[in-house]
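# Survey of secondary and tertiary structure
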Amino acid sequence: MAKRSKSGRCVHCLQNVEYLTRDHIFPFAWYPDNTPENLQRWTIPSCKKCNEQYGRLEEDLLLRLGLCIDPEDAKSSGITDKVLRSIDPDYANDRREKRIRERKREKIKQEIVKWEAIPPIGLHPNFGVESNVYYPEYPSIPISADKLERLCHKIVRGITYFVDQTFIENDFEIQFFTVDDKAAQPILKKYQQFLEIYERPGIKVVRAITSDNPDAGFYAIEIWGRLKMYAVVKPKELSS
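Residues numbered from 1 in each chain as written. Predicted model: local features only at pLDDT ≥ 70, side-chain atom pairs only at ≥ 80, totals over all residues. Heavy atoms only, no water.

### Some remarks on the side chain of Asp 23
Note the cut-off: The helix and strand labels rest on DSSP assignments: H or I over at least four residues marks a helix, E over at least two residues marks a strand, and numbering proceeds from the N terminus. The rule is simple: take the accessible area with a 1.4 Å probe, protein chains only, and divide by the maximum for that residue type; under 20% is buried, over 50% is exposed, in between is partly exposed. Pairing of N or O atoms within 3.5 Å defines a polar contact, subject to two protein rules: one partner must be a possible hydrogen donor and the other a possible acceptor, and residues neighboring in sequence count only if both atoms are side-chain atoms. Whether two residues are in contact is decided by their heavy atoms, any of which lying within 4.5 Å being enough.
Its place among the elements puts Asp 23 in strand E4 (residues 20–24). Judged by its relative accessible area of 4%, Asp 23 is buried. A distance of 3.4 Å separates polar atoms of two side chains, one belonging to Asp 23 and the other to Lys 154. Once residues within four sequence positions are removed from consideration, Asp 23 is found in contact with His 12, Trp 42, Thr 43, Ile 44, Ser 46, Asn 51 and Lys 154.

Take a look at the structure:
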């Protein structure tokens, strides 16, 4: 968590607070090792509570996602090694940290599910298999759908503020979708003339904002070239 700044509104909860922190839209630890040191990393104003809550969420997701990606892929360079070190007791600074790392490692080992064959549907993000690798079985790690949705919401709110300096207000909602690339293509094609692309090492955000409703839009998020999430921001429907 970065240093505190002046008072104002939190991008996440929209509350006015006395002291704001600077929250990373794309978690700092998620940047690959080949990220230039002088690269500007996207940050947004956040209250301490939201910043800490997202920090815990991102730590849990990094552990699970980082164990499922290709360690040789340049888009996620160093991520898997970083995750493995975080649960290796030999890298602990003291006994307390050693016990924490041991508990994390045992917890994730106990949660691993092994498949004889990968189910054709029902798995997300389902990174698939490497074509040149033999798999006697297919281990998988459970990932909270709610946490993925919250991460998606955070990135959507963050990019909106970073680019437009505006908040997604309470009269708008963010709808999260887990569709495959093929299903998303018609939407991307429909809004092709409105597409804007924002990239940093490890993350790519494509959004489409139409001129008739600049507060609404479609967002396609890609992390490490593997995790893909989609979202639509639209006005909330009024109840009758």
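Past the structure itself, the notes keep going.
### Notes on the confidence of the model for the chain
As a reminder of what qualifies: What pLDDT expresses is the predictor's confidence in each residue, scored from 0 to 100.
When pLDDT is averaged across the chain, the result is 88; 92% of the residues are at 70 or more. Of all the helices and strands in the chain, strand E1 (residues 4–5) carries the lowest mean pLDDT, 55, while strand E5 (residues 43–46) carries the highest, 97.

### Quick word on the packing of aromatic side chains
The test is simple: A pair of Phe, Tyr and Trp rings is counted when the ring centres sit within 6.5 Å of each other, with Trp represented by its six-membered ring. The angle between the planes then sorts it: under 30 degrees is stacked, over 60 is edge-to-face, the rest tilted. Ring-over charges, as used throughout, are those where CZ of Arg or NZ of Lys falls within 6 Å of the ring centre and within 35 degrees of the ring normal.
Counted by the stated rule, this structure contains six aromatic pairs. Through pairs of rings, three or more aromatic residues link up here, namely Phe 26, Trp 30, Tyr 31 and Trp 224. The aromatic ring of Tyr 54 is capped on one face by Arg 150, whose charged end is 5.9 Å from the ring centroid.

### Side note on the packing of helix H1 (residues 48–66) against helix H3 (residues 95–111)
To be explicit about the condition: Axis definition: a line fitted to C-alpha atoms, over the contacting stretch in the case of helices. Angles run 0 to 180 degrees between N-to-C directions. Put simply, angles under 35 degrees are roughly parallel, angles over 145 are roughly antiparallel, angles from 65 to 115 are roughly perpendicular, and the rest are oblique. Crossing handedness is read from the near helix: turned anticlockwise from the far helix by less than a right angle, it gives a left-handed crossing, and turned clockwise, a right-handed one. Put simply, Ala, Val, Leu, Ile, Met, Phe, Trp, Tyr, Cys and Pro go in the nonpolar bin, Asp, Glu, Lys and Arg in the charged bin, and everything else, Gly too, in the polar bin.
For the pair H1 and H3, interaxial distance at closest approach is 12 Å and the crossing angle is 55°. Comparing their axes, H3 and H1 come out oblique. H3 is crossed by H1, and the crossing has right-handed handedness. Facing H1, whose interface residues are Glu 59, Leu 63 and Arg 64, H3 presents Lys 104, Lys 107, Ile 108 and Glu 111. For the contact of H1 with H3, the per-class residue count stands at two nonpolar, no polar and five charged.

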